[in-house]
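Next come the chains, spelled out residue by residue.
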Amino acid sequence: MTTRTLKALALIVLIAAFLYSQDAAQAAIPQIVGGKPLASGAIPALVTVTDNGYLCSGTVISSNVILTAGHCADQPAANYQIIFAANTSRGTIANVRRVIVHPGYDLSANYVDDAALLVLATPTSVAPMELDSSLPAAGTPAVMAGFGETSVGSGASYIPNIASTVIQDVGYCSNWWGAVWAPSDMCAVDDPANDTSIGEGDSGGPLMISVAGRLVEAGINDRMDVTYDGASPSIFTRVDLIDS
C-alpha cells in the first residue's frame with residue numbers, strides 16, 4: 001500500500017468518524033448494511049427521493065438539480081418529492097418539475113448508464129456535492145451513504161447512514177459479476193472486513209472519495225447482491241462517464 005493510499009485511508013477514517021452519529025437514540029434505526037447513522041447535517045447534499053411511498057437516495061449537484069439512479073426516476077415529475085434536512089421525515093420538502101433520465105439508460109442491459117437528474121421546481125440553497133472527473137484507482141478508500149435497509153426486508157429509513165468501503169479494479173468487478181456487469185459500472189467492497197453493502201433504498205445515493213481534503217461523489221449507488229452479502233462487491237454507476 002502506497003503512502004498516498006495510506007494518507008487517503010487515514011483521511012477517510014477521520015471523516016467517517018466525524019460523520020457517524022453518536023446519538024444512542026439512533027442505535028436501533030435501520031442502517032446502510034454494516035454502516036452507522038450519519039450525524040445530522042454532516043452531508044447536507046444527501047437527500048431523500050420519494051415517489052408515492054417508494055424511497056431512494058440522491059445528491060444535490062447544483063442549486064436546482066438532484067442526481068439519482070435511473071431506476072429511481074421512472075415516474076412523472078409530479079410524483080416526486082425531495083426531502084432535505086436528513087435525519088427527519090419532516091425535513092424541507094421540494095417538488096420536482098422535470099425528470100431527465102440518462103439517454104443511454106437501459107434496465108434490460110444490466111442497468112447501463114443508470115443515472116437521472118431531477119430538476120427542482122424551486123432552487124435550493126443547499127451546497128452542492130462535487131462530482132469526480134475520473135475513475136478512482138483500485139484500492140482507493142471510499143464511503144457510501146443512503147437511506148436504505150440494514151438487512152433484507154428491514155425497511156428503508158428517513159435516517160441517513162454511512163459505511164466505509166474500498167474501490168476495486170474494474171477487471172475484478174466484471175469478472176465477479178460476469179453477465180450482469182455493465183460498462184458504466186464500478187464496484188467496491190469493504191476489503192478485508194467484507195461486512196458492508198448498499199441496500200434497497202440506498203439507490204441513487206453517493207459513493208464518495210476524498211479529493212484534496214473534501215468528499216466528492218465518484219459513483220451512484222446502483223445495485224448489490226440480493227442477500228446483502230458484504231463479500232459481494234456493491235455496484236455503482238461511474239459519474240465520470242455520465243457527467244458529460
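Cut-offs and rules
Residues numbered from 1 in each chain as written. Predicted model: local features only at pLDDT ≥ 70, side-chain atom pairs only at ≥ 80, totals over all residues. Heavy atoms only, no water. Disulfide = S-S within 2.5 Å. Helix = DSSP H or I, 4+ residues; strand = E, 2+ residues; numbered from the N terminus. Salt bridge = Lys/Arg side-chain N within 4 Å of Asp/Glu carboxyl O. Core = buried A, V, L, I, M, F, W, Y, C linked by side-chain atoms within 4.5 Å. Buried < 20%, exposed > 50% of the residue type's maximum accessible area, 1.4 Å probe, protein only. Contact = heavy atoms within 4.5 Å. Pairing = 2+ DSSP bridges. Axes fitted to C-alpha atoms, helices over the stretch in contact; angles between N-to-C directions.

(A) Examining the state of the cysteines more closely. For the coordinates displayed, the defined rule picks out two disulfides. Shown here is the disulfide that connects Cys 173 with Cys 187, its sulfur atoms set 1.9 Å apart. Residues Cys 173 and Cys 187 share a disulfide whose torsion about the S-S bond is about -80°; that sign makes it left-handed. Here Cys 187 lies in strand β10 (residues 185–189) and Cys 173 lies in helix α2 (residues 170–177), a separation of 14 residues in the sequence.

(B) Structural view of the pattern of salt bridges. Under the criterion given, the structure shown has four salt bridges. Bridged by salt links that share partners, the residues Asp 185, Asp 222 and Arg 223 form one connected network.

(C) Quick peek at the nonpolar core. Counting 35 residues, the largest nonpolar core has Val 49, Ile 66, Ile 82 and Phe 84 as the members making the most contacts within it. Of all the elements in the fold, those that place two or more residues in this core are β2 (46–51), β3 (54–62), β4 (65–68), β5 (80–83), β6 (93–101), β7 (116–120), β8 (141–146) and α3 (239–242). Those residues in contact with Val 49 that sit more than four places away from it in its chain are Tyr 54, Leu 55, Cys 56, Ser 57, Gly 58, Ile 66, Thr 68, Tyr 80, Gln 81, Ile 82 and Leu 118. One finds Ala 188, Leu 207, Ile 209 and Val 216 within the second-largest nonpolar core, a separate group that totals twelve residues.

(D) Representation of unusual backbone geometry in the model. Here Tyr 111, not a glycine, exhibits a phi torsion of approximately 60°, which is positive. Residue placement: Tyr 111 occurs in the loop between β6 and β7. In the Ramachandran plot, Asp 113 falls in the positive-phi region, its phi being about 50° despite a non-glycine side chain. With respect to the secondary-structure elements, Asp 113 resides in the loop between β6 and β7. Given a relative accessible area of 17%, Asp 113 falls into the buried group.

(E) Structural detail: the side chain of Thr 124. Among the secondary structure elements, Thr 124 is positioned in the loop between β7 and β8. In contact with Thr 124, not counting residues within four places along its chain, are Val 60, Ser 62, Ser 63 and Phe 84.

(F) Quick peek at the environment of Thr 50. On the secondary structure map, Thr 50 appears in strand β2. Residues Thr 50 and Tyr 80, 30 residues apart in the sequence, show an inter-C-alpha distance of 5.6 Å.

(G) Representation of the sheet that holds β6. Read once around its circumference, the closed barrel built from six strands follows the order β2-β3-β4-β7-β6-β5, with strand pairing classed as antiparallel. Neighbour to neighbour, the strand axes of the sheet diverge by 40° on average, direction disregarded. Taken together, the three bridges between β5 and β6 define a ladder with antiparallel strand orientation. Bridge pairing in β6 places Ile 83 opposite Ile 93.

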